[in-house]
Amino acid sequence: MSIRVENLTKTYKKQNAIDHISFDIKSGEIVGFLGPNGAGKTTTMKILTCYLPPSAGKAYVNGLDVEENSIEVRRQIGYLPEHNPLYTDMYVKEYLQFVGSVYKIKNKHSRVKEMISLTGLEREQNKQIGQLSKGYRQRVGLAQAMIHDPSVLILDEPTSGLDPNQIAEIRHLIMNIGREKTVLLSTHIMQEVEAMCSRVMIINRGEIVANGQTGELKHLFSVGNTLLATFNKTISGEFLASLEELGEVKSITGTTYSINSSKEEDQLKSEVFNFAVKHQLIITEMKMAEHSLEEIFKNVTKSNA
Amino acid sequence: MLSILQKEIRSFLSSLIAIIVIVVFLVANGLFIWVFKETNLLDQGYANIDPLFELAPIIFIFLISAITMRSFSEEKRNGTFETLTTKPVTDMSIILGKYFAGLIIVIFSILPTLLYYYTVHTLAFPKGNVDTGALWGSYLGLVMLSAGYVSIGLFASVITDNQIVSFIVSMFLCFFFYSVFEYLSSFDFLKNSEFYIEWLGINHHYRNISRGIVDTRDIVYFISLIVFFIWLTKIIFNSRKW
């Protein structure tokens, strides 16, 4: 286990920021930590990186207790904090060399060069960090987190505030790195998790409300099957009433309806078909709606609110 | 610790703080010692540089506060405090790295004044007739006093993320330790404990050492002062964990 968290609790002034959460992360996994603002993502990460001590419970990184072996844990973790704080008056190269010397890495100069080319900072390496655009700063942040070749990477909202191109680049970078490292990243963008992560944990109000493989989770938190059907004309009156017997009906556009039901996919399809035949309607289009993680996220975080 | 010390000194130099402090210190002292009528050495006729040692503690109250005010305040404000404290370094090595970086800058500002010593040494009649013992004592005293100020400044910096607040608190504390105890001791109602109150202040010990008498008690006082403030700094440093 790369990361193991047992009954972790953090209390700020009598309020539980995280409340007895437990999870394991195997090495080599890219795990997305999802949750609305203030759910406890950052707090959990701060405990794992030894910035804050837990109020109760245990957290281990590569089998080392974050409280007892703090220095050793910090050596094995690469951390990109929220908002990516950097020394804006330092130069990119100078900063990476400083971080390298803090980690006491041996081949500092070659390692800095390697990180610069890995993160695509060649053209910016002699600039002051304060002059860089946000996307490039994020790369500097990632470079400093990986310079000592840590086995575990903890990234707190690595793509927040970037434009779509930069987001794509940073994601690509993280996925590349993630092939041989354990990555725990937090975000509140669903597509990000679907695109990058092998596993998702959804946290809400300090509790883990969902934890599973990205694909699995859709089934696990199934919100029923939704069928999108387009008819040749608008349905009204008693027709609509009999359609509503099949499930929850929502009118999407003039002639398109979504029917949500807990029934099996095939059954729902044939029932809607029979309904159309019975009332002499023509179905021009019929398809199942894909439940995105976004909906699952909305569901699990709302029901607890 | 060394990597942090190095980084701090680089940032002092690149932000010009170090240069400004050294220049201001030397210009101010230069004016008082060689130019201004009331205090200049040439008219005074004694072969010593006492005005320097009278003046430096006052100037340093401002300058050292200016050097140390950003040490932790800036890191806290920018959030780099979090990046730094999640690196595999102990809290103490961060604090000491910053402490010695500040102290080194201060010592560099004192060094050029050795030229004053050389001047006085040459001008003295007969040549070289200078109370060298008292002079080295004074330098030692000044370094000890600066070391104390830097620890006070560091503490003032760790308590806030606002550099101005840190600057003002640091000036106040330096001034307080430098001379307030001495003023207090002259109050009538404190007559009985006069000596002990004066003993708490920096000036009492600074003057002792300046005379060229290096008493271990004075050295111990300065070391205790430094250790005390670094210890307080360490406690506040960890306040996020409370």
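Cut-offs used in this document
Residues numbered from 1 in each chain as written. Chains lettered and ligands numbered in written order. Predicted model: local features only at pLDDT ≥ 70, side-chain atom pairs only at ≥ 80, totals over all residues. Heavy atoms only, no water. Domains from an automatic or database assignment. Contact = heavy atoms within 4.5 Å. Buried area = accessible area lost by both parts, 1.4 Å probe. Salt bridge = Lys/Arg side-chain N within 4 Å of Asp/Glu carboxyl O. Phe/Tyr/Trp six-rings, centres within 6.5 Å; stacked < 30°, edge-to-face > 60°. Helix = DSSP H or I, 4+ residues; strand = E, 2+ residues; numbered from the N terminus. Buried < 20%, exposed > 50% of the residue type's maximum accessible area, 1.4 Å probe, protein only. Core = buried A, V, L, I, M, F, W, Y, C linked by side-chain atoms within 4.5 Å.

Domain parsing of chain A yields domain 1 (3–212) and domain 2 (220–295). Put simply, the middle of domain 1 of chain A and the middle of domain 2 of chain A, counted by C-alpha atoms, are 44 Å apart.

To continue, consider the interface of chain A and chain B. Listed as interface residues are 24 residues of chain A and, on the opposing side, 21 residues of chain B. At the boundary of chain A with chain B, total buried surface from both sides reaches about 2200 Å², with 59% on carbon and sulfur atoms. Considering only the surface of chain A that becomes buried against chain B, Tyr 51, Arg 74 and Tyr 87 of chain A emerge as the three largest contributors, covering 29% of it. On the surface where chain A and chain B come into contact, there are two salt bridges. Linking Glu 82 of chain B and Lys 46 of chain A is a salt bridge whose minimum nitrogen-to-oxygen distance equals 3.9 Å.

All names here are of chain B. Summed over the entire model, instances satisfying the criterion amount to 25 aromatic pairs over all chains. Ring geometry for Phe 25 versus Phe 60: centroids 4.6 Å apart, planes at 0°, classification stacked. Here Phe 25 is found in helix α2 (residues 17–35), whereas its partner Phe 60 is found in helix α4 (residues 50–68), with 35 residues between them in sequence. Pair check on accessibility: Phe 25 and Phe 60 agree, each one buried.

Attention now moves to the nonpolar core. The biggest cluster of nonpolar side chains holds 146 residues, and the ones touching the most others in it are Tyr 95, Leu 184 and Ile 202 of chain A together with Ile 49, Phe 60 and Ile 202 of chain B. It is helix α9 (residues 132–158) of chain B that provides the largest number of residues to this core, a total of twelve residues. In this structure, Ile 202 of chain B is in contact with Leu 145, Tyr 149, Phe 177, Tyr 178, Tyr 221, Phe 222 and Leu 225 of chain B, ignoring residues within four places of it in sequence. Ranked by size, the runner-up nonpolar core spans 14 residues in total, among them Leu 227, Leu 246, Leu 268 and Val 272 of chain A.

A few words now on unusual backbone geometry. That bond from Phe 125 of chain B to Pro 126 of chain B is cis: its omega, -5°, falls within 30 degrees of zero. The topology assignment puts Pro 126 of chain B in the loop between α8 (114–123) and α9. Phi angles above zero are rare outside glycine, and Asn 62 of chain A is one such case at about 50°. As for its placement among the helices and strands, Asn 62 of chain A is situated in the loop between β4 (56–61) and β5 (64–65). Overall, Asn 62 of chain A belongs to the partly exposed group, its relative accessible area being 29%. The backbone phi angle of Asn 84 of chain A is positive, close to 45°, even though this residue is not glycine. Here Asn 84 of chain A shows up in the loop between β6 (77–80) and α3 (92–102). Judged by relative accessible area, which is 8%, Asn 84 of chain A ranks as buried.

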